[in-house]
Amino acid sequence: MLQERQCKNCGTLFMGGPRAYYCPVCRQDRKKQQKAEYVQRVLSGVVRRIGSIDICKRCGETYTVQGGLQMFCTVCGPIHHQELDRDTSLEYYHVNKEAINPLRNKVRKLQRNSNLRECSYCAKLFMPQSRQQKYCHDNCRSLAYRKRRIEQATQKLCPQCGKPWTEPLPNARGKRPAHCKVCQDYYKQRYKKQKQTR
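Cut-off values and rules
Residues numbered from 1 in each chain as written. Predicted model: local features only at pLDDT ≥ 70, side-chain atom pairs only at ≥ 80, totals over all residues. Heavy atoms only, no water. Helix = DSSP H or I, 4+ residues; strand = E, 2+ residues; numbered from the N terminus. Rg over C-alpha atoms; globule rule 2.2 N^0.38 Å. Contact = heavy atoms within 4.5 Å. Buried < 20%, exposed > 50% of the residue type's maximum accessible area, 1.4 Å probe, protein only. Pairing = 2+ DSSP bridges. Phe/Tyr/Trp six-rings, centres within 6.5 Å; stacked < 30°, edge-to-face > 60°. Lys NZ or Arg CZ within 6 Å of the ring centre and 35° of its normal. pLDDT = per-residue confidence, 0-100. Disulfide = S-S within 2.5 Å. Expected span 1.5 Å × (residues − 1).

**Here's the deal with the overall build of the protein chain**
- Helix and strand counts for the protein chain come out as four helices and six strands.
- When the helices and strands of the protein chain are listed from N to C terminus, the series reads β-β-α-β-β-α-β-β-α-α.
- The C-alpha atoms of the protein chain give a radius of gyration of 24 Å, which is well past the 16 Å a tight globule of 198 residues would have.
- Projected onto the principal axes, the alpha-carbon positions of the protein chain cover approximately 75 × 60 × 25 Å.
- Within the protein chain, counting contacts between residues at least 6 apart in sequence, those at least 24 apart form 10% of the total.

Below is the structure:
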């Protein structure tokens, strides 16, 4: 969202997005400086080439470099950008909360008086279609699910029960099940009980 920002270099006010830190004049100076630094890195041989392999700084998996500033794989990249947006938004909120809070309180009053709900992922207000709906859109639901799966994979947790992963037995086709041995045993017992009651 375009708002009035203050340049970190010269202090002048300008219109810019959430990650616009410098005014147009200072930005041009920084571009010249960055280009000179890049030329020095090329001459010294410390430059990643497009198409080379690097390690993701978030999950540790390897990925193919698609841009000079890329630090994350294709899965972790969107999650990192959303976290960065959230952090910069919080920083902006703490500086400008006297102006933001009255408007936010009006929205919350409207929300209490209507059936609007806040999305569990992007915090946007939406009209739910059912009592169980937590996300405003399918994209938010899939992004939240992907984020949860990555967190569970990095922490070695079962995606079904959320408890520490216990290595399961392979299924009848020889494939590894999506949930741990504890969940596997639980579903087997439940299936047996359902079969007996039929």
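So much for the structure itself; the text now carries on.
**Topic: the pairing of strand S2 (residues 13-16)**
- Where burial is concerned, the two faces of S2 differ: the one with Phe-14 and Gly-16 is buried and the one with Leu-13 and Met-15 is not.
- Pairing geometry for strand S1 (residues 3-6) and S2, over four bridges, is antiparallel. Among the inter-strand pairings, Gln-6 is bridged to a residue of S2, identified as Leu-13.
- Taken together, S1 and the strand that follows it, S2, pair antiparallel across an intervening segment of six residues, in which Gly-11 is found at a positive phi of about 85°.

**Observations regarding the environment of Lys-163**
- Relative to the assigned elements, Lys-163 resides in the loop between helix H3 (138-155) and helix H4 (181-197).
- On the basis of relative accessibility, which here comes to 54%, the residue Lys-163 falls in the exposed class.
- The spacing of Lys-163 and Cys-183 is 20 residues in sequence and 9.8 Å in space, taken between C-alpha atoms.

**A short note on the packing of aromatic side chains**
- Counting across every chain of the model gives one aromatic pair.
- An angle of 65° between the planes, with centres 5.2 Å apart, marks the rings of Tyr-186 and Tyr-187 as edge-to-face.
- Since its relative accessible area comes to 27%, Tyr-187 is described here as partly exposed.
- In this structure, Arg-5 is placed above the aromatic ring of Tyr-92, and the distance from its NZ or CZ to the ring centre is 5.1 Å.
- Positioned above the aromatic ring of Tyr-21 is the side chain of Lys-8, whose terminal nitrogen or guanidinium carbon lies 4.3 Å from the ring centre.

**With respect to the confidence of the model for the protein chain**
- Across the protein chain, the average pLDDT comes to 84, with 95% of residues at 70 or higher.
- Mean pLDDT in the protein chain bottoms out at H4, which sits at 81, and peaks at strand S4 (residues 62-64), which reaches 93.

**Quick notes on unusual backbone geometry**
- Positive phi outside glycine occurs at Ala-123, with the angle close to 65°.
- Within the fold, Ala-123 resides in the loop between strand S5 (117-118) and strand S6 (125-126).
- Of the residues examined, Ala-123 reaches a relative accessible area of 45% and is grouped as partly exposed.

**Brief notes about the environment of Cys-56**
- With respect to the helices, strands and loops of the structure, Cys-56 is situated in the loop between strand S3 (53-55) and S4.
- By relative accessible area, which is 3% here, Cys-56 ends up buried.
- In sequence terms Cys-56 and Thr-74 are 18 residues apart; their C-alpha atoms lie 9.3 Å from each other.

**A look at the state of the cysteines**
- Using the criterion set out here, one finds zero disulfides in the structure.
- The structure places no disulfide on Cys-122, whose sulfur is separated from the nearest cysteine sulfur, that of Cys-119, by 3.6 Å.
- This cysteine, Cys-158, is not joined by any disulfide, and Cys-180 carries the nearest cysteine sulfur, 3.7 Å off.
- Among the residues examined, Cys-158 registers a relative accessible area of 0% and is labelled buried.

**Re H3**
- The end-to-end C-alpha distance of H3 is 26 Å, a good match for the 26 Å that 18 residues give at a rise of 1.5 Å each.
- Taken together, the buried positions of H3 are occupied by Cys-140, Ala-144, Lys-147, Ile-150 and Gln-152.
- Of the residues one or two after H3, Lys-156 is the one with positive phi, at around 55°.

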